[in-house]
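The chain contents come next:
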Amino acid sequence: MAKETYNHYEIEEAARTKWDELGIYETNLNGETDAEGAEKDPYYLLVEFPYPSGDLHTGHWYAYAMPDIYARYLRMKGKNVLFPFGFDAFGLPAENAAIKRGLDPKEWTYANMENMRAQIKRMGASFDWSKEVVTCEPEYYKWTQWLFAKLYEHGLAERREAPVKWCPVDQTVLANEQVINGHCERCGSEVEEKILTQWFMKITSYARRLLEDLEVLPWREEIKDAQRAWIGESEGARLQFPVKDVSLEDLGVSIEVFTTRPDTIFGATYVVIAPEHPLLDTLMPAVLNASEVEAYKAATEKKTERERSENKEKTGVRLEGVHAYNPATYDVVPIYVADYVLGTYGTGAVMGVPAHDERDFEFATKYNLPKIEVIAPVFFDQNNMPLEGKETITRNATISIVHDANSNLYLCLKWKQQGWTTFVTGGVDEGEEQLEAAKREILEETGYKHVRLVRELGHTSSQFYAAHKDENRIANNTIYYFELENDDQEEIDPRELAKHEPVWLTEEEILAAGMQHAEFMHFWSRLKSGASAATTGDGILVNSGIFDGRENREAMGDIIEACGGQRVTQYRLRDWLVSRQRYWGCPIPIVYDPEGNPHAIPPEHLPWTLPTDVDFTPTGKSPLATSRELHERVERIFGPGWTPEYDTLDTFVDSSWYFLRYLDAFNPEAFSDDKLMKEWMPVDRYSGGSEHTTMHLLYARFFTKALYDLALVPVSEPFLERFNRGLILGPDGQKMSKSKGNVINPDELVQKYGADAVRLYLAFIGPYNEPGSYPWNLDGVEAMRRFLDRIYRLSAKIETCATAAVNTASEEFTRAFAKAAAKIASDIERFKFNTAISALMVLVRDLESFETIPADKYRDLLILLAPFAPHLAEHLWEQYGAGADAQGEVESETTTSVHQTSWPYQGVQIEDELATVIVQINSKKRGEIQLAKEGSQEEALALARAIPAIADLLESKPDTRVIYVPGRILNFVG
RNA sequence: GCCCAGGUGGUGAAAUUGGUAUACACGCCUGCCUUAGGAGCAGGUCCCUUCGGGGGUGGAGGUUCAAGUCCUCUCCUGGGCACCA
């Protein structure tokens, strides 16, 4: 057969022209009715608008052509779909183009947008361009400014000092992402921090609600988890450590620490404050080694935050001459300044609990600070687990490891009845000291009289069932390590000997014996190598005064109270710094009076336009400061001595509300329309990249909540559903980049195979509803084009009149179509375009097996194809679609579009088919039978008898157990 | 280090959510057609097999009549957070 294909240039261009002429993608936001006059459901489908960087890459295709499948499908399902587009047009690249190549940022941006519009239209995406939003247009940023002013008015935007990243060579402020390992991305010089007065949005005051409201959102848990981690809620307490000077006189100040583990306070052996802590200056007069401390502080200031955390070796300086008091123990503890404590989190000070915090452990080890164990880890004896319903007896106990240096053997007890081996162990009697008890037990059980304590190995709490007493035991153990001084031995009481006899074992024998202490490895490793790590888990309080013996979690509240602390919830989330010392952004709508106080620019002066007479040369100041026009404007409007704000807003502010503007893009009176927001918000589904899971999504949620509280927006969550797409990699499986030379240019592919083939390929590459990554495979595009050609060629089989062959197949056709339509629909709804296309391929293959195809079925095929390959579907629809008469003859004038049809076979009941039931013996397939889906077990058994193996089985073992799942499986188990 | 998500043919991936593992496609192999093939068409393609079957979803156990799917442990890969007390 000769190669028969379609001319994608012609048909794709023609289809797009037709759509434009018909204006079928312009959404009537005030509502639309269907053919029956019923109101259509509104559906707001949103994609992240792009930054106009220049030209379109494969990522853009993936981001925009895929949701378009869904948009087209929804329209066919009778929804009134809003699928808008715009540009996030402020941003750094435009300014860089200005600096590097002397281009006007505005011209550069607008030229890029012009270019990208044409490219995006070539995808055949059904965006409604009539509502296009461009954030750098004064008509848009007027409202960004208006909203900022509203937030400022209500105390949600405020000015304060904050450090910025500063490149001393380029004389410019850098964004965090421009700092690579503490060095400037462009010139490689070391980045410094500079303190500037800047604007913040108080997102932290919404932390709780941003967290809480996540619960009800039907987003994927991974996305929610990422947001939760970003917000970083920690429950804990603030505790005061009063400061005393060298003569232990009260200085009248306290170091307030934040801790999530107030239960460990009895183990706090020092206090650390961050180098930037304001209290440091207060204490300085009393500090004896002030110059050393100052030097440390200065050294830290030079470091960037990243450098501070990169150098894992902890450093710090002790403040000589001042001390803090542990509010629980009243012990004097040293105060350190150390940069492992962050000034920006909690109170900027922590209590050091080396025994139970890994960082403190490391610090204390380096500076030789005491480690006091206050939590005994709990061990359950796996062989004698506590039994439910039994009484629980708690008692103090000791475990003693006695070592004989001469023989290098360890003293153990061999238990006669139980056959196990333990160290010398026993309970502490009423009124007895732990150490006394340990020595007494050694004497009683082994007869040795002279042992010398080497050290205490720590505490544990063992829980087990004591069979001889029929009760559960909690033994709060202290573990001791003794050295045998001499062989002096008393006679051992025969009653003790009857239970167990003392034996001397080597280390190897001990390890081989499997000592009957659940916590054996815990203290044995401490004996061998000392405490080498902090124990951070829960357990029983020890060395904690009146709280001894209680569970740490349970006692937490009482401990906080006893120390005069207060419970607090702390967030990792920081306030949102929105000031940018940049030109190409939305000017912050603030002016300063002659005293330097900020004032919001009144609405009548908005938009507060970006001046054009600026110098982009990096000088260290915001470019706006070089504008004469801006200064004159401020003085003219507000009076002499008034000055402008020179910073512009972070572009994340622009994108935090654009979805509201789409609803009313040209409203000169308001940022959006109340009624339309009520009708269309929240966005039904928001599709975007996983890189925006935290910042953009969180900022937009914050904005929406803040505006909701100001009664400006009717919803408190902007996005009902959120889908993160995957990543398209180069053919080598690497991220596409020019330097790797693995960039796939979509334009060339479109030229060669057509937009439909590229769309189909991207849809087929993998599921769109999860963020995987997919290497590009050129053969795949070709395959998709082949598939489209097959559909094109299939038109030759359209039968003009109903032939006998078609009639017999007709029911089969209908069933195949109804099934395919339902499958494709549910796949599209879940963004599983890959399996939807696979179903389409199966359908086409089935159709190809027939000599002829009824015209109406071919039309149905075109409708199912339309969301994926909108151009070809449109072209073929013109040939064989609605305009074609019952005889299948082509009429030249076709007025409607395939994209205005409705989804076929909706609500069509697929007739009961015979189901294939697998017949198994012992879960191994032995045959299959056909019967009705709801067929009874008797019917199934009757049919199964036709299978020889089953007949044999039923013959020899008629009472074999049968498991029958209708429509699925018939399993004989014997 | 912590928190997620995943590991299925040579490759991208399916699997009605516990019921025939590998649909659909790429690649590869064979054949047909062709002056030709980077075109088209037809067939084959998890492994072993004595052709009866047997094994197989990163690895080891477990639950179940039945496990890619559930449970425990473990090893890799990708993503997020990271001195956040």
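For the structure given in this document, a descriptive report is provided here. (Residues numbered from 1 in each chain as written. Chains lettered and ligands numbered in written order. Predicted model: local features only at pLDDT ≥ 70, side-chain atom pairs only at ≥ 80, totals over all residues. Heavy atoms only, no water.)

**Digging into the overall build of chain A**
Here's step 1: Of the regular secondary structure elements, chain A holds 30 helices and 41 strands.
Here's step 2: Computed over its C-alpha atoms, the radius of gyration of chain A comes to 38 Å, more than 25% above the 30 Å expected for a compact globule of 974 residues.
Here's step 3: Seen through its principal axes, chain A has C-alpha atoms that stretch 115 × 110 × 50 Å.
Here's step 4: When burial is assessed residue by residue, chain A has 53% of its 974 residues classed as buried.
Here's step 5: Of the contacts made within chain A by residues no fewer than 6 positions apart, 74% connect residues no fewer than 24 positions apart.
Here's step 6: Of the roughly 44100 Å² that chain A leaves accessible, carbon and sulfur atoms contribute 49%. (Helix = DSSP H or I, 4+ residues; strand = E, 2+ residues; numbered from the N terminus. Rg over C-alpha atoms; globule rule 2.2 N^0.38 Å. Buried < 20%, exposed > 50% of the residue type's maximum accessible area, 1.4 Å probe, protein only. Contact = heavy atoms within 4.5 Å. Areas by Shrake-Rupley, 256 points an atom, 1.4 Å probe, with all protein chains shown as cover.)

**Some thoughts on the side chain of Asn 326**
Here's step 1: Of note, Asn 326 is situated in the loop between β13 (317-325) and β14 (332-337).
Here's step 2: Asn 326 gets classed as buried once you look at its relative accessible area, which sits at 0%.
Here's step 3: Within the structure, the side chain of Asn 326 is placed 3.1 Å from the backbone oxygen of Ala 268, a separation counted as a polar contact.
Here's step 4: Within the structure, Asn 326 has its side chain in polar contact with the backbone nitrogen of Thr 329 (distance 3.3 Å).
Here's step 5: Beyond its immediate sequence surroundings of up to four residues, Asn 326 is in contact with Phe 241, Ile 265, Ala 268, Asp 331 and Val 333. (Polar contact = N/O pair within 3.5 Å; in protein donor to acceptor, adjacent residues only side chain to side chain.)

**As for the sheet that holds strand β29 (residues 598-600)**
Here's step 1: Strand order across the open sheet formed by three strands is β29-β28-β30, with antiparallel pairing between neighbours. Two strands lie at the open edges of the sheet, namely β29 and β30 (643-644), each paired on one side alone.
Here's step 2: For strand β28 (residues 590-592) and β29, the ladder comprises three bridges, and the chain directions are antiparallel. Bridging from a neighbouring strand, Ile 590 pairs with Ala 600 of β29. (Pairing = 2+ DSSP bridges.)

**Here's the deal with helix α22 (residues 746-753)**
Here's step 1: Taken residue by residue, α22 has Pro 746, Leu 749, Val 750 and Tyr 753 as its buried positions. The buried residues of α22 occupy one face: seen down the axis, they fall within an arc of 100 degrees. Relative to its buried face, α22 has exposed residues pointing more than 90 degrees away, namely Glu 748 and Lys 752.
Here's step 2: Buried positions along α22 lie against α1 (8-22), α2 (58-76), α23 (755-764) and α24 (778-794).
Here's step 3: Capping the start of α22 is the job of one residue whose side-chain oxygen sits 2.7 Å from the backbone nitrogen of Asp 747: Asn 745.
Here's step 4: Phi for Gly 754, located one or two positions after α22, is positive at around 95 degrees. (Arc of directions from axis to C-beta.)

**Concerning the protein's contact with RNA strand B**
Here's step 1: Around RNA strand B, 51 residues are found, and the nearest of them are Ser 234, Thr 260, Lys 314, Arg 359 and Arg 845.
Here's step 2: The contact atoms of RNA strand B, taken as those within 4 Å of the protein, divide so that sugar and phosphate hold 63%.
Here's step 3: Thr 260 is positioned such that a nitrogen or oxygen atom in its backbone is 2.2 Å from a sugar or linking oxygen of RNA strand B.
Here's step 4: Contact between RNA strand B and Arg 572: a sugar or linking oxygen at 2.6 Å from a side-chain N or O atom of the residue.
Here's step 5: With six residues, the top contributor of residues to the surface near RNA strand B is helix α26 (residues 833-848).
Here's step 6: Its residues assigned to classes, the surface near RNA strand B shows 19 nonpolar, 13 polar and 19 charged. (Near = heavy atom within 4 Å. Nonpolar A, V, L, I, M, F, W, Y, C, P; charged D, E, K, R; others polar.)

**Notes on the side chain of Ser 461**
Here's step 1: Within the secondary structure, Ser 461 sits in strand β20 (residues 451-466).
Here's step 2: Judged by its relative accessible area of 0%, Ser 461 falls in the buried class.
Here's step 3: Among the polar contacts listed, one links the side chain of Ser 461 to the side chain of Asn 476, at a separation of 3.0 Å.
Here's step 4: Contacts of Ser 461, omitting those with residues within four sequence positions, involve Ala 376, Pro 377, Val 378, Phe 379, Ile 474, Ala 475, Asn 476 and Ile 540.

**Focus on the environment of Val 402**
Here's step 1: Tracing the backbone shows Val 402 in strand β17 (residues 392-404).
Here's step 2: Excluding residues that lie within four positions of it along the chain, Val 402 makes contacts with Leu 409, Tyr 410, Leu 411, Ile 442, Val 451, Phe 482, Leu 484 and Trp 504.

**Let's talk about the sheet that holds strand β2 (residues 79-82)**
Here's step 1: The parallel open sheet is built from four strands, whose spatial order is β2-β1-β32-β33. What marks the edges here is a single partner per strand, and that holds for β2 and β33 (719-725). Sheet twist, expressed as the average angle between the axes of neighbouring strands with direction ignored, equals 20 degrees.
Here's step 2: By the bridge criterion, three bridges tie strand β1 (residues 41-47) to strand β32 (residues 683-689) in an arrangement that is parallel. Residue pairing in the sheet places Leu 46 in a bridge with Tyr 686 of β32. (Axes fitted to C-alpha atoms, helices over the stretch in contact; angles between N-to-C directions.)

**Concerning the packing of helix α27 (residues 855-865) against helix α28 (residues 870-880)**
Here's step 1: Look at α27 against α28: their axes get within 9 Å of each other, and the N-to-C directions meet at 160 degrees. Viewed along their axes, α27 and α28 adopt a mutual orientation that is roughly antiparallel. Where α27 crosses over α28, the two elements pack in a sense that is left-handed. Across the interface between the two elements, Tyr 858, Arg 859, Leu 862, Ile 863 and Leu 865 of α27 pack against Leu 872, Ala 873, Leu 876, Trp 877 and Tyr 880 of α28.
Here's step 2: Residues that form the contact of α27 with α28 fall into these classes: nine nonpolar, no polar and one charged. (Parallel < 35°, antiparallel > 145°, perpendicular 65-115°, else oblique. Left-handed = near helix turned anticlockwise from the far one by under 90°.)

**Structural notes on the packing of aromatic side chains**
Here's step 1: For the structure shown, the criterion picks out 60 aromatic pairs.
Here's step 2: Between Tyr 768 and Phe 831 the ring centres are 5.5 Å apart and the planes differ by 55 degrees, which places this aromatic pair in the tilted class. With a gap of 63 residues between them, Tyr 768 in the loop between α23 and β35 (773-775) and Phe 831 in the loop between α25 (804-829) and α26 connect regions that are remote in the sequence.
Here's step 3: Tyr 768 gets classed as buried once you look at its relative accessible area, which sits at 1%. (Phe/Tyr/Trp six-rings, centres within 6.5 Å; stacked < 30°, edge-to-face > 60°.)

**So, unusual backbone geometry**
Here's step 1: Residue Leu 606 is joined to Pro 607 through a cis peptide bond whose omega torsion reads 0 degrees.
Here's step 2: If you trace the backbone, Pro 607 turns up in the loop between β29 and α17 (628-638).
Here's step 3: Residue Pro 682 follows Met 681 across a cis peptide bond; omega there is 0 degrees.
Here's step 4: Note that Pro 682 resides in the loop between α20 (674-680) and β32.
Here's step 5: One non-glycine residue, Tyr 330, lies in the positive phi region at around 60 degrees.
Here's step 6: Here Tyr 330 lies in the loop between β13 and β14.
Here's step 7: On the basis of relative accessibility, which here comes to 61%, the residue Tyr 330 falls in the exposed class.
Here's step 8: In the Ramachandran plot, Ala 711 falls in the positive-phi region, its phi being about 60 degrees despite a non-glycine side chain.

**Some details on the pattern of salt bridges**
Any two side chains of opposite charge can pair, on the condition that their charged atoms come close.
Here's step 1: Here the structure, examined in full by the defined rule, presents 56 salt bridges.
Here's step 2: Lys 705 is the salt-bridge partner of Asp 213, the closest N and O atoms lying 2.4 Å from each other. A residue pair is termed long-range when its members are at least 10 positions apart, and Asp 213 in the loop between α6 (207-212) and α7 (221-231) and Lys 705 in helix α21 (residues 695-709) qualify at 492 residues. Grouping residues by exposure puts Asp 213 and Lys 705 together as buried. (Salt bridge = Lys/Arg side-chain N within 4 Å of Asp/Glu carboxyl O.)

**What about the pairing of strand β4 (residues 128-134)?**
Successive side chains on a regular strand alternate, one facing one side of the sheet and the next facing the other.
Here's step 1: With six of its seven residues buried, β4 lies for the most part within the structure.
Here's step 2: In terms of strand pairing, strand β3 (residues 84-87) meets β4 through three bridges, oriented parallel. Within β4, the position partnered with Gly 86 by the bridge is Val 133.

**Concerning α7**
Here's step 1: Every buried residue of α7 is listed here: Ile 223, Lys 224, Gln 227 and Ile 231. Relative to the axis of α7, the buried residues are bounded by an arc of 95 degrees and lie together on one face.
Here's step 2: Elements that come into contact with the buried residues of α7 comprise α6, β10 (233-244), β24 (566-571), α21 and β33.
Here's step 3: Directly beyond the C-terminal end of α7, a positive phi value near 60 degrees is found at Gly 232.

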